[in-house]
Every structure is written in structure tokens, then in C-alpha cells.
Amino acid sequence: QSMKGGTAADVATLALMQKYDFDVMMKGYKYLLNFTPAAMSAPHTPYHFPYYGHYYGIMGMRLLGQEYKEDKDFRDNTSRYIAETQQELLNWQEKEGGWRNRGWIDQHEKGENHSYASSFATLSLYVTDGRLSLYNRTPPKLPKKAE
């Protein structure tokens, strides 16, 4: 079940690399669009940590959306995915402002400390602002979109 979050991480990593497998990245992109942020949130196993998938999903979609901003379908798909993921995370936010643990971390932390989950949720929500040093780079030139 780690394939869900792993696919999001793969798309983000491939978009950041200078050398990458374009076909694998596009397959991952399409998989995430079909899988949806809501499905990423669903409990899969006790070892699942949906915050990873959401963080990397937003990161990958942001990078691809920037690269293919001239392509309306691509821009719309990546924007929609990001907006849906952000809404998903905002729906989880507790009234005191933090996010509760989900999946494997809840098993280890026993619900006592929500700082890790809150940190990942906050990072995920701010990916689109490009404030992390990771985004202060010249992106690689991706090949033309394959149909």
C-alpha cells in the first residue's frame, strides 16, 4: 500500500532531476490524477502515513504545472489536484490549529504528540508558495508532452 505515497514521491523526484525517465513520470502523474487526493487520505494499512503522499503529490503537481503551464489541460489537472489536496488537509485540521496523527505514526506516538503530522500538513499547504529552498532552482527542461 505504500505505492500510493511512493508514486507521489516518484513524480516529485523525477520532476526535480536533471536526468529522469519521462514515461515513468507521466505514468505516475496519470496514476495520481486517477487515484485522487481523497483516496490518498483513506486509511490503507496501519503503516500508511497519508501526509507523505499529500506533500509529494502537491510538490510533483506544482513542478509539472509550472513546466507545462502553456498546456491548459496539464495546468488545469495539476491545479485541481493541488486544490483538492489542500482542501483535504484543511478538512483534517483540528480546531486548535494542528493536525492529528494518522496511520503508522499514531501507532508509535499513541496520539500524544501531533507535531510530525502538523509539520507535514503545514509544509504541504505551503509548497505552492515556493518558499522552500528546494524550489529556488532552475528546473530541467522537460520533453514535449507525449499524447
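Since the model is a prediction, treat every value here as computed from it, not as a measurement. (Residues numbered from 1 in each chain as written. Predicted model: local features only at pLDDT ≥ 70, side-chain atom pairs only at ≥ 80, totals over all residues. Heavy atoms only, no water.)

## What about the overall build of the protein?
To keep things clear, this is the line we draw: A run of H or I in DSSP becomes a helix once it reaches four residues, and a run of E becomes a strand once it reaches two; helices and strands are each numbered from the N terminus. Only protein chains enter the accessibility calculation, which uses a 1.4 Å probe; a residue is then buried when its area is under 20% of its type maximum, exposed when over 50%, and partly exposed in between. Any two residues having at least one pair of non-hydrogen atoms within 4.5 Å are treated as being in contact. Note on areas: Shrake-Rupley with a 1.4 Å probe; residue coverage comes only from the protein chains shown.
Broken down by element type, the protein carries seven helices and zero strands. Secondary structure elements in the protein, listed N-terminal to C-terminal, are α-α-α-α-α-α-α. Counting across all 147 residues of the protein, residues that qualify as buried make up 44%. For the protein, the proportion of contacts with a sequence separation of at least 24, taken over those separated by at least 6, is 72%. Of the roughly 8,300 Å² of accessible surface on the protein, 51% is carried by carbon and sulfur atoms.

## Comments concerning the confidence of the model for the protein
How we decide: pLDDT measures how confident the predictor is about each residue, on a scale from 0 to 100.
Per-chain confidence: the protein averages 80 in pLDDT, with 73% of residues scoring 70 or above. Here helix H6 (residues 104–109) stands out as the element of the protein with the lowest mean pLDDT, 57, in contrast to helix H5 (residues 72–92), whose mean of 95 is the highest.

## Re the pattern of salt bridges
Our working definition: Basic side-chain nitrogens of Lys or Arg form a salt bridge, by our definition, when they fall within 4 Å of a carboxyl oxygen of Asp or Glu.
Within the structure shown, the criterion is met by two salt bridges. Here arginine 80 and glutamate 84 are joined by a salt bridge, their closest N and O atoms 3.7 Å apart. One end of the pair is arginine 80 and the other is glutamate 84, both in helix H5 and four residues apart, which spans about a single turn. Glutamate 84 gets classed as partly exposed once you look at its relative accessible area, which sits at 35%.

## What about the packing of aromatic side chains?
Condition: Side-chain rings of Phe, Tyr and Trp (the six-membered ring for Trp) are treated as a pair once their centres are within 6.5 Å; stacked means planes under 30 degrees apart, edge-to-face means over 60, and tilted covers the remaining angles.
For the coordinates displayed, the defined rule picks out 13 aromatic pairs. Relative to tryptophan 92, the ring of tyrosine 51 lies with its centre 5.2 Å away and its plane at 85°, an arrangement referred to as edge-to-face. Residue tyrosine 51 is found in helix H4 (residues 50–67), and its partner tryptophan 92 is found in helix H5; the two are separated by 41 residues along the sequence. As far as the burial class goes, tyrosine 51 and tryptophan 92 line up, both buried. For the pair tyrosine 55 and phenylalanine 120, a centre-to-centre distance of 5.7 Å together with 90° between the ring planes defines the contact as edge-to-face. Here tyrosine 55 is found in helix H4, whereas its partner phenylalanine 120 is found in helix H7 (residues 115–126), with 65 residues between them in sequence. Taken together, Phe49, Tyr51, Tyr52, Tyr55, Tyr56, Trp92, Tyr116 and Phe120 form an aromatic cluster joined through their ring pairs.

## With respect to helix H2 (residues 22–35)
Helical geometry note: an α-helix holds 3.6 residues per turn, so side chains three or four residues apart project in the same direction. To keep it simple, the criterion reads: By this rule, a helix spans an expected 1.5 Å times one less than how many residues it contains.
Here H2 is 14 residues long and its end C-alpha atoms lie 20 Å apart, about the 20 Å a rise of 1.5 Å per residue gives. Phe22, Met25, Met26, Gly28, Tyr29, Leu32, Leu33 and Phe35 are the residues of H2 that are buried. The first or second residue beyond H2 is threonine 36, which carries a positive phi of 75°.

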